[in-house]
Amino acid sequence: MSLNFLPRIEEIVRKAQYFDSSEAFISKFEPAWSSVRTRILKLETLDFYDEGDNQSLKAFLDGDIEKSKKLISQEKQGDAPIYQDLKKRWVEIIRCRPIAAPPNEYLKWEIENYKENIKLGERIFIANMIAVTEIFERYATKDFMVFDTRFGYIYDYDKNGRLLGGWYVEDVQELYQMSALFSFIQSNCVRFESVYSNGD
């Protein structure tokens, strides 16, 4: 089946406003978080992100999985107020990402994070990378987030997963294209819980 009907993120960024530092880019999120009304879509594409001096990741990579899980739980407590506020406003967060099998050590750590995110109310969907390779090589070539169909953000990472900046999208047609691409990817995913349980 041809996928040429799908929008390409690379075409959307050509017209979008670029912010050339992580700080400037992240600062553009505030109005979206405060005014979102229905849903937040988040697409992740990379096998590894630069997490800085994250202690739970360090413990996981050192082989101390139980310590890592405890630290993850503690870290997520800081996010709880955000999730609680969104829940009160009837806003849902939906995350999609491909995962290669078997997952690398970073993704194994990420999976433990996802288990905590689900407890906070997030809906997470994952796809077998083999089944969706073309989508991510040609169309969904960058991470992005869409808040309702009013705010869009496309992340710019270097090859080591370090955030360099990103693009801010406010054109309604392009926001609908990003949402449509996300929905197509979601249709090729399964719920996270159907693959990974708390005991895995």
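Now for a description of the structure that goes with this document. Quick caveat: nothing in here was measured; it's all calculated off a predicted structure. (Residues numbered from 1 in each chain as written. Predicted model: local features only at pLDDT ≥ 70, side-chain atom pairs only at ≥ 80, totals over all residues. Heavy atoms only, no water.)

## Regarding the environment of Tyr 83
(1) Moving on: Looking at the secondary structure, you find Tyr 83 in helix α6 (residues 80-88).
(2) Moving on: With residues near it in sequence (within four places) discarded, Tyr 83 still touches Ile 93, Asn 117, Leu 120 and Glu 122. (Helix = DSSP H or I, 4+ residues; strand = E, 2+ residues; numbered from the N terminus. Contact = heavy atoms within 4.5 Å.)

## Remarks on the packing of aromatic side chains
(1) Moving on: All told, the structure shown has 18 aromatic pairs when counted by the stated rule.
(2) Moving on: An angle of 50° between the planes, with centres 6.0 Å apart, marks the rings of Phe 29 and Tyr 155 as tilted. Here Tyr 155 lies in strand β6 (residues 151-157) and Phe 29 lies in the loop between α2 (22-27) and α3 (30-35), a separation of 126 residues in the sequence. The same class applies to Phe 29 and to Tyr 155, which are both buried.
(3) Moving on: Taking the ring centre of Tyr 168 as reference, the NZ or CZ of Lys 28 above it sits at 4.5 Å. (Phe/Tyr/Trp six-rings, centres within 6.5 Å; stacked < 30°, edge-to-face > 60°. Buried < 20%, exposed > 50% of the residue type's maximum accessible area, 1.4 Å probe, protein only. Lys NZ or Arg CZ within 6 Å of the ring centre and 35° of its normal.)

## Comments concerning helix α5 (residues 65-77)
(1) Moving on: Taking 1.5 Å of rise per residue, 13 residues should cover 18 Å, and α5 covers 19 Å from first to last C-alpha, within 8% of that figure.
(2) Moving on: Each element contacted by the buried residues of α5 is listed here: α4 (55-61), α6 and α7 (105-119). (Expected span 1.5 Å × (residues − 1).)

## Things to note about unusual backbone geometry
With the exception of glycine, the majority of residues adopt a negative phi angle, and the majority of peptide bonds are in the trans configuration.
(1) Moving on: Residue Ala 101 is joined to Pro 102 through a cis peptide bond whose omega torsion reads -5°.
(2) Moving on: Along the chain, the position of Pro 102 falls in the loop between β3 (92-99) and α7.
(3) Moving on: Backbone geometry places Trp 90, a non-glycine residue, at a positive phi of 65°.
(4) Moving on: Looking at the secondary structure, you find Trp 90 in the loop between α6 and β3.

## Structural notes on the pattern of salt bridges
Pairing is possible between side chains of opposite charge, provided their charged atoms come close.
(1) Moving on: Going through the model one piece at a time under the given rule, you end up with 16 salt bridges.
(2) Moving on: Here Asp 158 and Arg 162 are joined by a salt bridge, their closest N and O atoms 3.4 Å apart.
(3) Moving on: By relative accessible area, which is 21% here, Asp 158 ends up partly exposed.
(4) Moving on: Beyond isolated ion pairs, a larger network of salt bridges with shared partners links Glu 44, Arg 95, Arg 97 and Glu 122. (Salt bridge = Lys/Arg side-chain N within 4 Å of Asp/Glu carboxyl O.)

## As for the nonpolar core
(1) Moving on: Among the nonpolar cores identified, the biggest contains 29 residues, and Phe 144, Ile 154, Met 178 and Ile 185 are the most heavily contacted of them.
(2) Moving on: Listing elements by their share of this core, those giving two or more residues are α1 (9-15), β2 (39-43), β3, β4 (123-128), α8 (129-138), β5 (144-147), β7 (163-169) and α9 (172-187).
(3) Moving on: With six residues, the single largest contributor to this core is α9.
(4) Moving on: Sequence-distant contacts of Ile 154, defined by excluding residues within four places in its chain, comprise Ile 9, Ile 12, Val 13, Phe 25, Lys 142, Asp 143, Phe 144, Gly 166, Trp 167, Val 169 and Met 178.
(5) Moving on: The next biggest cluster of nonpolar side chains, apart from the first, holds 17 residues, and it includes Phe 29, Val 91, Phe 151 and Tyr 168. (Core = buried A, V, L, I, M, F, W, Y, C linked by side-chain atoms within 4.5 Å.)

## Details of the pairing of β7
(1) Moving on: Most of β7 is tucked away: six of the seven residues are buried.
(2) Moving on: For strand β1 (residues 17-19) and β7, the ladder comprises three bridges, and the chain directions are antiparallel. Opposite Tyr 18, over in β7, you have Trp 167 as the bridge partner.
(3) Moving on: Relative to β7, β6 runs antiparallel, the two being bridged by six bridges. Within the sheet, the bridge partner assigned to Asp 156 lies in β7 and is Gly 165.
(4) Moving on: Hairpin connection of β6 to β7: five residues between the antiparallel strands, including Gly 161 at a positive phi of 80°. (Pairing = 2+ DSSP bridges.)

## Thoughts on the layout of surface pockets
(1) Moving on: Empty space within the largest pocket amounts to approximately 810 Å³.
(2) Moving on: Listed by contribution, the elements that provide at least two residues to the lining of the largest pocket are α5, α6, β3, α7 and β6.
(3) Moving on: Sort the elements by how many residues they give to the lining of the largest pocket and α7 lands first, with six residues.
(4) Moving on: Tallied by class, residues from the lining of the largest pocket come to 14 nonpolar, five polar and 12 charged. (1 Å grid on protein atoms, 1.4 Å probe; cavity = no way out; pocket = protein on both sides within 12 Å on 5 of 7 lines; lining within 4 Å. Points joined across faces, edges and corners; volume = space filled by probe spheres on them. Nonpolar A, V, L, I, M, F, W, Y, C, P; charged D, E, K, R; others polar.)

That's the geometry; what it means functionally is another story.
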